[in-house]
Amino acid sequence: MKNIAILFVLLAAIIGSGCDHIEPPYKQQSGQVGTADRKVLLEDFTGHTCVNCPTAALIAHNLKTLYGDRLIVMAVHAGYFARPQSAPFDADYRSQAGEAWDQFFNISANGNPNALINRQKNNTYWHYPPGSWSTKVSEAMQSEAHAKIELNTSYEASTRKLGITAKTTFLTRLQGNFRLQVCLVEDSLVSAQRNNDPNAGTTPVISQYVHRHVLREAVNGIWGEQILSNPEAGYSATKSYQLNLPAGYNAQHCAVIVFVYDAETYEVLQVEEKHL
């Protein structure tokens, strides 16, 4: 009887916790080879005490306006300039994944703002300063798409249950191991931001700055999960997740970003985004 009681306590703890990852159903299969445009992921590493970051965010916004859904922007708050300080800079938008990526790719150590663009390495470094984003994004968009992602979400407002299903289909035969990363982002978070560019807002502080595309968490771990090795053209893998949207997140402003990448080079092969 005591063991049964303990079991009920454990189940209640699991069900009641926020953003729990339920082990996903998994399947892979071969099928028809389709086509897709190569989409580009721009990860803008930023922070609320970084005086040049509003200018960079404006560049990212203008590129997003130009390219539409072929460019997906994710703001990663990480490093020194993202740390919460005394008011009005007491907001904390950092995430475990964002901090880990910042350290691994050595981004904020080279100063903010900087970005990863499809996580493509340029000689010895990963980061690209805002002045190069337009050129690099255009180049990445011209390259061949080796995969496509079909992303579907479902959301129950009464229970805050979020369902995510991502089907990755490889369009060409590839060598290597490939991983799927699932991220939750939230838009339109309002708090103070330092700024030295009058074109981006008031200086030296924008008191009601609207933070866009903020990474909240990596749903399936900091480095995602492996989906296929050495896939043939037409091979596909489907992963599904269910989680509880944390109470502090505004569902109307949340979106899911999914990307597939090469486990050895970290290059992003394809990316998709879907709003709840």
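Conventions used here
Residues numbered from 1 in each chain as written. Predicted model: local features only at pLDDT ≥ 70, side-chain atom pairs only at ≥ 80, totals over all residues. Heavy atoms only, no water. Buried < 20%, exposed > 50% of the residue type's maximum accessible area, 1.4 Å probe, protein only. Helix = DSSP H or I, 4+ residues; strand = E, 2+ residues; numbered from the N terminus. Contact = heavy atoms within 4.5 Å. pLDDT = per-residue confidence, 0-100. Pairing = 2+ DSSP bridges. Polar contact = N/O pair within 3.5 Å; in protein donor to acceptor, adjacent residues only side chain to side chain. Phe/Tyr/Trp six-rings, centres within 6.5 Å; stacked < 30°, edge-to-face > 60°. Lys NZ or Arg CZ within 6 Å of the ring centre and 35° of its normal. Axes fitted to C-alpha atoms, helices over the stretch in contact; angles between N-to-C directions. Left-handed = near helix turned anticlockwise from the far one by under 90°. Nonpolar A, V, L, I, M, F, W, Y, C, P; charged D, E, K, R; others polar. Core = buried A, V, L, I, M, F, W, Y, C linked by side-chain atoms within 4.5 Å.

Another point: helix H3 (residues 96–104). Within H3, burial applies to Ala97, Gly98, Glu99, Trp101 and Asp102. Buried residues along H3 sit in contact with strand S2 (40–46), strand S3 (71–77), strand S7 (177–186) and strand S10 (214–218). Of the residues one or two after H3, Asn106 is the one with positive phi, at around 60 degrees.

Summary statistics for the protein give a mean pLDDT of 89 and a share of 88% for residues scoring 70 or more. In this model, residues 1–28 is a region of pLDDT below 50 whose contacts with residues beyond four sequence positions or in other chains number 33 contacts.

The alternating pattern of strand S4 (residues 114–117) places Asn114 and Leu116 and Ala115 and Ile117 on opposite faces, both of which are buried. With four bridges connecting them, S2 and S4 associate as antiparallel partners. Residue pairing in the sheet places Asp44 in a bridge with Ala115 of S4.

This part is about the side chain of Thr49. Counting through the fold element by element, Thr49 comes out in the loop between S2 and helix H2 (53–67). At 3.0 Å, the side chain of Thr49 forms a polar contact with the backbone oxygen of Phe81. The residues contacting Thr49, other than those within four sequence positions of it, are Phe81, Gln85, Phe89, Gln193 and Arg194.

A few words on the packing of aromatic side chains. This structure, assessed with the given rule, holds 13 aromatic pairs. Between Phe259 and Tyr261, the aromatic rings sit 6.1 Å apart at their centres with planes inclined by 45 degrees, giving tilted as the arrangement. By relative accessible area, Phe259 is classed as buried at 0%. For Tyr261, a relative accessible area of 1% puts it in the buried group. Ring pairing ties together the aromatic residues Phe104, Phe105, Trp126, Trp223, Phe259, Tyr261 and Tyr266, which thus form one cluster. Note that Arg119 overlies the ring of Trp101, its terminal NZ or CZ placed 4.4 Å from the centroid.

For the rest of this paragraph, the subject is the packing of H2 against helix H4 (residues 133–142). Contact geometry of H2 with H4 gives a least axis separation of 11 Å together with a crossing angle of 35 degrees. Viewed along their axes, H2 and H4 form a crossing whose handedness is right-handed. Residue-level inspection shows Ala56, Ile59, Ala60, Leu63 and Tyr67 of H2 in contact with H4, the latter providing Trp133, Ser134, Val137, Ser138 and Met141. Looking at side-chain class alone, the contact of H2 with H4 contains eight nonpolar, two polar and no charged residues.

The subject of this paragraph is the nonpolar core. Phe170 and Val260 are the most contacted members of the largest nonpolar core, which totals 26 residues. At the level of secondary structure, the elements contributing two or more residues to this core comprise strand S5 (147–156), strand S6 (161–170), S7, strand S11 (225–229), strand S12 (235–244) and strand S13 (254–262). Setting aside residues up to four positions removed in sequence, Phe170 forms contacts with His146, Ala147, Phe178, Ile227, Leu228, Pro231, Glu232, Ala233, Gly234, Tyr235, Val260 and Leu269. Leu116, Leu215, Phe259 and Val271 belong to the second largest nonpolar core, which has 23 residues in total.

You can see Ala36 is positioned in the loop between strand S1 (26–30) and S2. Residues Ala36 and Lys148, 112 residues apart in the sequence, show an inter-C-alpha distance of 6.0 Å. With residues near it in sequence (within four places) discarded, Ala36 still touches Ala145, Ala147, Lys148, Leu171 and Gln270.

For the rest of this paragraph, the subject is the pairing of S7. A large share of S7 lies buried, amounting to eight of its 10 residues. Note: S7 against S11, four bridges, orientation antiparallel. If you follow Phe178 over to S11, its bridge partner there is Leu228. Looking at chain direction, S7 and S13 are connected through nine bridges and run antiparallel. Looking across to S13, one finds that Cys183 is bridged to Ile257. Judged from the four bridges that link them, S7 and S10 form a sheet pairing that is antiparallel. Note on S10: the bridge partner recorded for Glu186 is Val214.

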